[in-house]
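Fold and geometry: a report
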Amino acid sequence: MLKITRFTCENIQSGCVTDAVCPRFSYCLESDRDGNGVRSALLSVNGWSVQVAEQIGIRYRGAELLPFHTYRAELTVTDQYGETAGAELTFETGRMGTPWEAKWISDADYSFTERKVSPRPMTFRRKFKAEKKISSAKAYATALGIYELTVNGQKAGNRYFAPGFTSYQTQLQYQTYDITDLLAENNTIFVTVAGGWAVGSFVFTRKNRITADRQALLMEIRLTYEDGTQELIGTDENWGVTESGNCQAADLYDGEIYDATIDPDLAIFRKAAEEKLRIHPQILADYSAPVTAHEEMLPVSCRHTGDRLIYDFGQNFAGVVKLKLHGKEGQRITVRHAELLKPDGSLNTDFLRTAKATAEYICKDGEQVYSPRFTYMGFRYISIEGIAEQDIEVSALALYSDLRQTGRFECSDPQLNRLQQNILWSAKSNFMDIPTDCPQRDERMGWTGDIAVFAQTACFDFDMSRFLEKWLEDVQAEQLPTGGIPNTVPSQGYGFPATMPAMAIDFWGDACVLVPWALYQAGGDIGVLRQYYPMMKKYVNACRFWAGLTGTGKKRYIWNTPSAFHFGDWVAPDVPKMSQWQGRSRWTATASLKNTSGIVAEIAALLGKQEDQKQYRQLSERVADAYRAVFTDGNGRLKEEFQTAYVLPLYFHIFSGKERENAAENLVRLVKKSDYCIGTGFPGTPYILFALADNGYADIAYKMLLNRKCPSWLYEVKMGATTIWERWDGLDENGTCPIGDDGTDLMISYNHYASGAVGDFLYRRVLGIEPDEAGYRRFRMAPVPGGGLTFAKGSLETPYGLISCEWEIKEGRFMLQGKVPAGTTCQVRLPDGSRHEMQSGAFSFDCVMERNID
């Protein structure tokens, strides 16, 4: 049977509202016939019909789409056996550039001058009566700040932190809400707008009023009556505004104060006033993966410490508490959050720096439910004061962007399985509308270096298309005129070195190349490369410029700008000081330039840009030659040795032949010397196991992977970690943080996904699934068993369908089962060296397994 399992518009199956002039459609299939594929496919949208050869990123090329319309897309696919399958979806167009008839409004009487805090939330109100029966009602809303819309006491939509975090100078999202079923004859609209990223305090310097002096709201409600007439209710001076609503304070770092005793209908409202903005961005239909509530977490224990209740959720995560309680009017309940406990059982908030991470709730009488809406925390533990345990029921909501999990991995080692869960939880915790570094302290910024090294792992675990494409729009918008990329995107108030004039920063700036490349490899949409190619090219040109500033001859290709302007081998555990991490930037930056220029050369070839391909390929080769000539003895040995300095040239193919063999031997020598402990920082960590396993040392790679001594991945697991740590030595054997005065201002997060990039090795080597063609149209299944593992299994939902893989070692034989999606080809490689070319369908192979490396 042939079945269309997924049919999308702009990478979502339902609920798409878009301002795209030429929206994209994609689909994937499932078939129970072996060797099946697509013979023909017909896509019809708005009277436009086309036979399509591709399954990914099919652009609409029909008549102009009109604003505020619903369209139907229909797809009919015929397979190689003549069987057909059909699917359809609907999508809406948004405003499509229609000028807003509403006005930006705010409270002209509210003057907010305090530093390092967020403004009081504003509550806007509009009442209206529907004179006729309503057929449909849509609300289009955005804000400077973060907002929540309620209609007759009911929340519209399910997202948090609308309109989302973007580069507000250039682009601002609006959301579309179908509020038809929420309306009655007499209606009251409330919109609460907190400071959020635009107006509230942000970055660790706690800068505020970055984008606007105070919050502002823009909204239109478009009513269509049953008789066909329409009415528009927009924000203007007829709206009321107050700072005396239920939400009395809201700050992304400090938390929220909510007063349930306030009846907003009885509050004193002033007339809203038109607000003149400092910025003039494009206002576009929401193109994000919105932040929503996912898992509801239940505590695993509750202890009494003095007058406080200490709850343990058993899992570190990002989100908010949810309290069901019986309270008395005026009773104040205080909730604090932390990742760790102190030895006395109280919360350890030392590493939050200035973040208060506190929610306060003032009760009304009786039964009630409270959960913060304008903040979030990173925590495993909470303390609650002001209520008895029997009067409260505690849970928590995990908040993260609405990402569909696509990859799964499991094996015979329980600690590796826990590591995989830690990787997933750290990703979820930090995919909060943008890719952040951590969810708990006074940071939570879009650090480019973290996602640069983690992108491939992320694109296996989740469908990252909408999330990362949204973020890349901001990266492109904030690229410096000279080509450099800010260290955090959106930079939003972060100064030096984020916007160091003209500077390009290796690996952190590499995100503008590595992230779209990972998206393309996973998703197969060449439009992503086409969209961001100018940004990548401009960035690599900037890197080449900075590398060429110093030195002569081959040293002109050694990127040797002052280390203070780089991160180098960031948080490498073999050296204790930040200055030492940065001091390795000559090696990391030069290897980075070799890699990014080589990737841009590949992309140029895919886009048919032959001159560019030649130029960047030549640059990549010259940088590789310079690395060998300047940093090594010419025979694969580095003049100054550390793990990352071998890992990067091995993984980026700087070495070849006998030099490569010698370099791999030298890396193994360093690994053995460190007792198989990790010695790499951000740049080397994603690649070290590949550098070993792909050069004949899979046994060494597994010893490092499975090592339980500090520093290692499984040391964290041994110490009870449920997420990935920012630093390998985050806790000593006694459970105490040993980090002191190392120049980082107590920089330690226990929920930081970067070194979780080891997931890429679990998927591409342990499990063995790797694309040979973008989108997995052609892929290989080549497990590399070892470490005493007796089985591994997993799956990946690709743009063409589900790949599954399961291998087992039993009684001296290696047995592999797999599934290949319709329309794709898989090369199966077994440990004995045999190869098999497989078309779609299920298969199984086995071979003699002489020994399982342990």
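Residues numbered from 1 in each chain as written. Predicted model: local features only at pLDDT ≥ 70, side-chain atom pairs only at ≥ 80, totals over all residues. Heavy atoms only, no water.

For the rest of this paragraph, the subject is the sheet that holds strand S35 (residues 407-411). Reading across from one edge, S35-S40-S41-S42-S45 is the order of the 5 strands in this open sheet, with antiparallel pairing throughout. Of all strands in the sheet, those with a lone pairing partner are S35 and strand S45 (841-848), marking the two edges. Taken over all neighbouring pairs, the strand axes of this sheet differ in orientation by 10° on average, direction set aside. Two strands pair when backbone bridges link them, and strand S42 (residues 813-820) and S45 are joined in this way by 8 bridges, in the antiparallel orientation. Bridge pairing links Arg813 to Val848 in S45. (Pairing = 2+ DSSP bridges. Helix = DSSP H or I, 4+ residues; strand = E, 2+ residues; numbered from the N terminus. Axes fitted to C-alpha atoms, helices over the stretch in contact; angles between N-to-C directions.)

In the structure shown here, the tally under the stated rule is 0 disulfides. A disulfide-free cysteine, Cys22 has its sulfur positioned 11 Å from the sulfur of Cys9, the nearest such atom. Considering cysteine sulfurs only, Cys363 is the nearest to Cys247, which forms no disulfide, with 15 Å between them. (Disulfide = S-S within 2.5 Å.)

This paragraph deals with the packing of helix H2 (residues 414-430) against helix H15 (residues 759-767). Between two packed helices, both the angle of their axes relative to each other and the distance between the axes serve to describe the pair. Interhelical geometry of H2 versus H15 gives an angle of 125° and a closest axis separation of 10 Å. With respect to H15, the axis of H2 lies oblique. Across from Leu416, Gln420 and Ile423 in H2, the residues of H15 making contact are Gly759, Leu762 and Tyr763. (Parallel < 35°, antiparallel > 145°, perpendicular 65-115°, else oblique. Contact = heavy atoms within 4.5 Å.)

Let us look at helix H10 (residues 643-651). Within H10, 9 of the 9 residues are buried, leaving the element largely enclosed by the surrounding structure. Taken together, the buried positions of H10 are Gln643, Thr644, Ala645, Tyr646, Val647, Leu648, Pro649, Leu650 and Tyr651. As for H10, its buried residues are in contact with helix H8 (585-606), helix H9 (610-631), helix H11 (657-673), helix H12 (688-693), helix H13 (698-705) and H15. His653 sits one or two residues past H10 and shows a positive phi near 60°. (Buried < 20%, exposed > 50% of the residue type's maximum accessible area, 1.4 Å probe, protein only.)

Our focus in this paragraph is the nonpolar core. Judged by nonpolar contacts, the single largest core of 255 residues is most densely connected at Ile384, Phe431 and Leu705. When residues in this core are grouped by element, the largest group, 12 residues, is from helix H6 (residues 526-547). Non-local contacts of Phe431, meaning those with residues more than four positions away in its chain, are made with Tyr400, Ser401, Leu403, Ile451, Phe454, Ala458, Phe462, Met464, Phe467 and Tyr753. Counting 24 residues, the second largest nonpolar core, distinct from the first, contains Val52, Tyr60, Leu89 and Ala822. (Core = buried A, V, L, I, M, F, W, Y, C linked by side-chain atoms within 4.5 Å.)

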